Amino acid sequence: MKVVTAEEMRIIDKKTIEEYSIPGVVLMERAGLAVASRIKEIFGRKKVNVVSGSGNNGGDGFVVARNLHKEGWDVKVFLTARPEDLKGDALLQYKGAIKFGVNISPIKELLTHHSSLITKHSIFVDALLGTGLSKNVTGMLSEVISLLNKSNIPIISVDIPSGISSDTGQVMGEAVKADYTVTFGLPKRGHLLYPGAQCSGKLFIEDIGFPEELLRSDKLKVELLMKNDVSPLLPERQRYSHKGDYGHVLIVAGSRGKTGAAFMAAKACLRSGAGLVTIGIPESLADIFQSRVTEEMTLILPDKGDGTLSEKASKVILNFLNEKADVIAIGPGIGVSADTRKIVETLIRHCVSPLVIDADGINSLKGVKEVFSKSEAPIILTPHPGEMARLLNPLTPLFTKGRDRLATRGQRGITVRIPDIEKDRINVAFSFAKKTRTYLVLKGVPTIIAGPDGRAYINSTGNPGMASAGTGDVLTGMISGFLSQGVTPLNASLLGVYMHGLAGDIAASEKGEHSLIATDIMDKIPNAFHSLSHE
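Residues numbered from 1 in each chain as written. Predicted model: local features only at pLDDT ≥ 70, side-chain atom pairs only at ≥ 80, totals over all residues. Heavy atoms only, no water.

### Thoughts on the sheet that holds strand E17 (residues 448-450)
Spatially, the 11 strands line up as an open sheet ordered E1-E9-E18-E17-E16-E15-E14-E13-E10-E11-E12, and their pairing is mixed. The sheet is open, and its two borders are formed by strand E1 (2-3) and strand E12 (297-301), each paired with just one other strand. Summarising the sheet, strand E13 (residues 327-330) and strand E14 (residues 355-357) pair through 3 bridges and their orientation is parallel. Paired with Ile328 across the bridge in E14 is Leu355. Sitting on the sheet, helix H18 (residues 425-436) touches strand E9 (222-225), strand E15 (379-381), strand E16 (439-442), E17 and strand E18 (456-459), and the angle it makes with E17 is about 25°. With respect to the sheet, helix H20 (residues 489-511) is in contact with E9, E15, E16, E17 and E18, its orientation differing from that of E16 by roughly 15°. (Pairing = 2+ DSSP bridges. Helix = DSSP H or I, 4+ residues; strand = E, 2+ residues; numbered from the N terminus. Contact = heavy atoms within 4.5 Å. Axes fitted to C-alpha atoms, helices over the stretch in contact; angles between N-to-C directions.)

Printed below as a string of structure tokens:
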């Protein structure tokens, strides 16, 4: 399903009216009726307070009020504008509501007498601002939104919670915290990006008559990744086949104190269908690895004697790739040093097999994103926001304190910070993937997958329990496993991310979110396959 910005939705609306001859007032009527229908379905008969603004969102609110009033509901509308300031379709719907006897009062009445107007049997319909918001909410509107949020009664928002940016999901000064949101045609980015997703509550997407060719246009570059998108991407398993048909993955991972990352990535890779998996390991840790591997094989790599890889490992890795492996993943638990940086850069320059870079592989490239232009192989990067910031900024520190600020060391020269990435996840992913010609999996809530063709996908699976050590290593293994089976880099990323989240959801349904750990997710990969391949 496509996901749109406010401007993209405005164009769809305009073309529907001008090119398909469906009047705007008809679309408004259908939108209001859709909201009224959901209210009747969810709440039954209650007292309804509709808070309407002066624009088309307010016009939708008038339709809601008229429809419910006509069916005998106790309805009152509070208008934030003067009636004489209403225009176009909103004015027509205002006049219709008045003709039908709907009680419409100035917003001042709600602000002044709210204690007597709001009862436990009430609901609020938020029809204040809609998707066109471009500046922070202040003054009287901020006061109204605050009142709605403090009312402790259900709120249903029309199109998008007032005060949420349709394009980024950010709170614009003050925002309604809705229990339900009814939107039209397509979801907006702000419904799916946080904090907008949380403010939207349960989202309903209603068909009000927009032409399908507009809703599916190739000009719309962002999609919500759903089960029906991912199921067809699953690689087939031929009855007459052997392990060599499903690829050989080399996973360069692990260092002293971080061997678990290698084991989780390797096991997840096998669970995802790879035929063979070899773990490239530091020589001084060989005994540790040999005592734990079962289905996996090992490749001994030169190290510096301290459990971390030596630059000399580059040649061994490249030789192994040329002779045996089809895919390489590097990064989980390898540590960060001058040697690991040289190894990763060498692989980017000389590797011809698909390359997945994660964790310390990304950290080793801090501030040197230009190196990707020298690669002939498809590259998938899987950073979390902190790793993304380090990749974009040469002086970003390796460790952060909290989600909203970087550590004080190395602040000079930083141009993109973690909060900047979180506020604009889609455009950050878009820009990086296009400029570097890579496939970017920007992990987080929600995970964004972007390709060099200028398209991006918002993942719909996953839960807070997955915010746990090692889950990223599992994802790296899964993406690598799909690559080894001949799945394209983009589709391997989509499959890996969606199924990773799905396995996490299945695990959370059994163990709860608080107790979830990475190996729980790995154990549920088979269940995720079963869920995708069976209706």
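Now, onward.
### Remarks on the pairing of strand E5 (residues 122-127)
The buried fraction of E5 is high, at 6 of 6 residues. Side chains Ser122, Phe124 and Asp126 project from E5 onto one buried face, and the interleaved Ile123, Val125 and Ala127 project onto a second face that is buried too. Bridge count for strand E2 (residues 47-52) against E5 is 6 bridges, and the pairing is parallel. Bridge pairing links Lys47 to Ser122 in E5. (Buried < 20%, exposed > 50% of the residue type's maximum accessible area, 1.4 Å probe, protein only.)

### Brief notes about the nonpolar core
Formed by 57 residues in total, the largest nonpolar core has its most connected members in Ile251, Val474 and Leu495. With 12 residues, the top contributor of residues to this core is H20. Excluding residues that lie within four positions of it along the chain, Val474 makes contacts with Met264, Ala268, His500, Ala518, Ile521, Met522 and Ile525. Formed by 51 residues, the second largest nonpolar core is a distinct cluster that contains Ala325, Leu347, Ala450 and Ile458. (Core = buried A, V, L, I, M, F, W, Y, C linked by side-chain atoms within 4.5 Å.)

### Structural notes on H20
With 23 residues, H20 ought to run about 33 Å at 1.5 Å a step, and its terminal C-alpha atoms sit 32 Å apart, in line with that. Judged by how many residues are buried, H20 sits mostly within the fold: 18 of 23 residues are covered. After H20 finishes, the residue Gly512 shows a positive phi value of roughly 85°. (Expected span 1.5 Å × (residues − 1).)

### Regarding the packing of helix H5 (residues 107-117) against helix H6 (residues 139-150)
Packing of H5 against H6 brings their axes to within 11 Å, and their N-to-C directions diverge by 50°. Between H5 and H6, the crossing angle belongs to the class labelled oblique. In this structure, the crossing between H5 and H6 has a hand that is left-handed. Counting all contacts with H5, which are made through Ile107, Leu110, Leu111 and His114, the residues of H6 involved are Met140, Glu143, Val144 and Leu147. Among the residues making up the contact of H5 with H6, the classes are represented as 6 nonpolar, 1 polar and 1 charged. (Parallel < 35°, antiparallel > 145°, perpendicular 65-115°, else oblique. Left-handed = near helix turned anticlockwise from the far one by under 90°. Nonpolar A, V, L, I, M, F, W, Y, C, P; charged D, E, K, R; others polar.)

### Some points on helix H19 (residues 471-484)
Over its 14 residues, H19 runs 20 Å from end to end, which matches the ideal 20 Å to within 8%, given 1.5 Å per residue. The buried count for H19 comes to 14 of 14 residues, which makes it a mostly enclosed element. Looking one or two residues past H19, Gly486 carries a phi angle of roughly 90°, positive in sign.

### So, the confidence of the model for the chain
In this model, the chain carries an average pLDDT of 94, and 96% of its residues clear a pLDDT of 70 or more. For residues 398-411, every residue scores under 50 in pLDDT, and the model assigns this stretch 27 contacts once sequence neighbours within four places are set aside. (pLDDT = per-residue confidence, 0-100.)

### Some remarks on the environment of Leu128
Turning to its location among the elements, Leu128 is positioned in the loop between E5 and H6. Once the C-alpha coordinates of Leu128 and Asp339 are considered, the two residues, 211 residues apart in sequence, prove to be 57 Å apart. If we skip the residues at most four places from it in the chain, Leu128 touches Val51, Ser52, Gly53, Asn57, Thr80, Leu141, Val144, Ile145 and Ser162.

### Here we look at the packing of aromatic side chains
Remark: the centre distance and the inter-plane angle together describe each pair of aromatic rings, the angle taken between the planes. Counted under the stated rule, the structure contains 6 aromatic pairs. Summarising the aromatic geometry, the rings of Phe43 and Tyr180 are spaced 5.7 Å apart at their centres and angled 85° between planes, so their arrangement reads as edge-to-face. With Phe43 in helix H2 (residues 24-43) and Tyr180 in strand E7 (residues 180-184), this residue pair connects regions lying 137 residues apart in the sequence. Owing to a relative accessible area of 14%, Phe43 belongs among the buried residues under this scheme. The class for Tyr180 is partly exposed, based on a relative accessible area of 21%. Their ring planes at 65° and their centres at 5.6 Å tell us that Phe62 and Tyr94 sit as a pair that is edge-to-face. In this pair, Phe62 is assigned in helix H3 (residues 56-70) and Tyr94 in helix H4 (residues 88-99), connecting sequence segments 32 residues apart. Tyr94 sits in the buried class, given a relative accessible area of 15%. Site record: aromatic cluster; members linked through ring pairs are Phe43, Tyr180 and Phe204. For the cation-ring pair, Arg66 lies above Phe100, with the distance from its terminal atom to the ring centre recorded as 5.7 Å. Arg237 extends its terminal NZ or CZ atom over the ring of Tyr246, reaching a point 3.6 Å from the ring centre. (Phe/Tyr/Trp six-rings, centres within 6.5 Å; stacked < 30°, edge-to-face > 60°. Lys NZ or Arg CZ within 6 Å of the ring centre and 35° of its normal.)

### Quick word on the packing of helix H11 (residues 259-271) against H19
Here H11 crosses H19 at 35°, and the two axes come no closer than 7 Å. Crossing handedness for the pair H11 and H19: right-handed. Counted together, Ala261, Met264, Ala265, Ala268 and Cys269 of H11 and Asp473, Val474, Gly477, Met478, Ser480 and Gly481 of H19 form the full contact between these two elements. Looking at the contact of H11 with H19, its residues break down into 7 nonpolar, 3 polar and 1 charged.

### Quick look at the side chain of Lys76
Among the structural elements, Lys76 can be located in strand E3 (residues 74-79). Classification of Lys76 by relative accessible area gives buried; the value is 10%. Within the structure, Lys76 has its side chain in polar contact with the side chain of Asn103 (distance 3.0 Å). Side-chain polar atoms of Lys76 contact the side chain of Ser105, separated by 3.1 Å. Those residues in contact with Lys76, other than ones at most four positions away along the chain, are Val48, Asn49, Val50, Asn103, Ser105, Glu109 and Leu117. (Polar contact = N/O pair within 3.5 Å; in protein donor to acceptor, adjacent residues only side chain to side chain.)

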